[in-house]
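# A closer look at the structure
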Amino acid sequence: MPVYMYPVIFIGIIVFLSSFFIVKQQTAAIIERFGRFQSIRHSGLQLKIPIVDRIAGKLSLKIQQLDVIVETKTLDDVFVKLKVSVQYKVIRDKVYDAFYKLDYPHDQITSYVFDVVRAEVPKMKLDDVFVKKDDIAIAVKTELNDAMMDYGYDIIKTLVTDIDPDAQVKAAMNRINAADREKTAAQYEGDAQRILIVEKAKAEAESKRLQGQGIADQRREIARGLEESVEVLNRVGINSQEASALIVVTQHYDTLQSLGEETNSNLILLPNSPQVGSNMLNDMVASFTASNQIGEAMKKAQEKKDKE
């Protein structure tokens, strides 16, 4: 083989190998022949005519995401920044439109997002923007689908991923929220204090009622005991006045005895001479006698008045 044939063979091998190319998965390659669209090739080993055909470009068929930050004003004159995430992909059957009809899809999508957000958000108050962010996302998706479908792009989903009001507005909202929570906490504390006071008053009232009932029962039993004591003394010839006086004196000495038995009691000074019991008994008998006389006099006066 002549020596001059080696360069020819080498160039031929290079040209032959250049006719083969590989397209990756989820990718579409656009082939042009002399500057004119020829075909679309998908994943795998592909063949083109060397020199005549060329790869004009490649488009990814994967789902892509574009984040757009829009600053606008709400109905209550609050400036807010919204971050809108747009998930889109090239339609497999419209690769030609996506490649030849639109040079900068990101710019086109961004323009539509700005247009829709600045048309929807000024209709809402700031609180409504947080509550109705899904409505904003749906409005953006609807508008983008109608516009980008003709260019071979399918809008999969739109999300409002962040709502960022002005720093001063956020600080004011935090203060309002904190004040509201403090007000609620104060109300709960007031209710708790009121319940404690009411329950304490109820408990004290119940305690007083039970205490009064106990005292009444105690006095009732004392009265019954005294009545029985008087009946016993009457049986042995002691009249009611003398029996009452004797019982009082007996209780007086019982009290002195109980005080003497209690070692921890405080000092109490009571008259305790031998004449005390006698004097007490005489005083009580005299008082009973005077009481009976007064009662008889009042009874006679009433009978005389009734006769008149």
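The coordinates are above.
In short, a report on the structure. All values reported here derive from a predicted model rather than from experimental measurement.

### Digging into the side chain of T72
By the element assignment, T72 lies in strand 6 (residues 64–73). Owing to a relative accessible area of 7%, T72 belongs among the buried residues under this scheme. Discounting chain neighbours no more than four positions away, the residues touching T72 are V78, F79, V80, L82, V117, R118, V121 and P122.

### A closer look at the packing of helix 3 (residues 105–120) against helix 5 (residues 133–148)
Helix 5 packs onto helix 3 with a crossing angle of 140 degrees between their chain directions and a minimal axis gap of 9 Å. On the basis of their axis angle, the class for helix 3 and helix 5 is oblique. The handedness of the crossing between helix 3 and helix 5 comes out as right-handed. On helix 5, the residues that touch Q108, I109, Y112, V113, V116, V117 and E120 of helix 3 are I136, A139, V140, E143, L144, A147 and M148. For the contact of helix 3 with helix 5, the residue count by class is 11 nonpolar, one polar and two charged.

### Focus on the packing of aromatic side chains
Any two aromatic rings considered together are summarised by their centre-to-centre distance and by the angle between their planes. Enumeration over the complete set of coordinates arrives at five aromatic pairs. Measuring from centroid to centroid gives 4.9 Å for F37 and Y96, while their planes differ by 75 degrees, and the two rings are edge-to-face. Highlighted residues: F37 in strand 3 (residues 36–41) and Y96 in helix 2 (residues 95–100), separated in sequence by 59 residues. Since its relative accessible area comes to 29%, F37 is described here as partly exposed. A relative accessible area of 40% places Y96 in the partly exposed class. Residues F37 and Y100 carry aromatic rings whose centres are separated by 5.9 Å and whose planes lie at 85 degrees to one another, so their mutual orientation is edge-to-face.

### Focus on the side chain of T158
On the secondary structure map, T158 appears in strand 8 (residues 153–165). A polar side-chain atom of T158 sits 2.5 Å from the main-chain carbonyl oxygen of A137. What T158 contacts, discounting residues up to four positions off in sequence, is S85, V86, A137, I138, V140, K141 and L144.

### Re helix 5
For helix 5, spanning 16 residues, the distance from its first C-alpha to its last is 22 Å, which sits close to the expected 22 Å at 1.5 Å a residue. Taken together, the buried positions of helix 5 are occupied by I136, A137, V140, L144, N145, A147 and M148. For helix 5, the angular spread of buried residues about the axis comes to 165 degrees, placing them on one side. Exposed side of helix 5, more than 90 degrees from the buried face: I138 and D146 are the residues found there. In this fold, the buried residues of helix 5 make contact with strand 7 (79–90), helix 3, helix 4 (126–131) and strand 8.

### Examining a negative patch on the surface
On the surface, D115, E143, D146 and D150 cluster together into a negatively charged patch. Examined against the element boundaries, D150 turns out to sit in the loop between helix 5 and strand 8.

Analysis parameters
Residues numbered from 1 in each chain as written. Predicted model: local features only at pLDDT ≥ 70, side-chain atom pairs only at ≥ 80, totals over all residues. Heavy atoms only, no water. Helix = DSSP H or I, 4+ residues; strand = E, 2+ residues; numbered from the N terminus. Buried < 20%, exposed > 50% of the residue type's maximum accessible area, 1.4 Å probe, protein only. Contact = heavy atoms within 4.5 Å. Axes fitted to C-alpha atoms, helices over the stretch in contact; angles between N-to-C directions. Parallel < 35°, antiparallel > 145°, perpendicular 65-115°, else oblique. Left-handed = near helix turned anticlockwise from the far one by under 90°. Nonpolar A, V, L, I, M, F, W, Y, C, P; charged D, E, K, R; others polar. Phe/Tyr/Trp six-rings, centres within 6.5 Å; stacked < 30°, edge-to-face > 60°. Polar contact = N/O pair within 3.5 Å; in protein donor to acceptor, adjacent residues only side chain to side chain. Expected span 1.5 Å × (residues − 1). Arc of directions from axis to C-beta. Patch = residues over 30% accessible without salt bridge, like charges linked within 9 Å, V, L, I, M, F, W, Y side chains within 5 Å. Areas by Shrake-Rupley, 256 points an atom, 1.4 Å probe, with all protein chains shown as cover. Salt bridge = Lys/Arg side-chain N within 4 Å of Asp/Glu carboxyl O. Lys, Arg positive; Asp, Glu negative; His and termini not counted. Charge placed at Lys NZ, Arg CZ, Asp CG, Glu CD.

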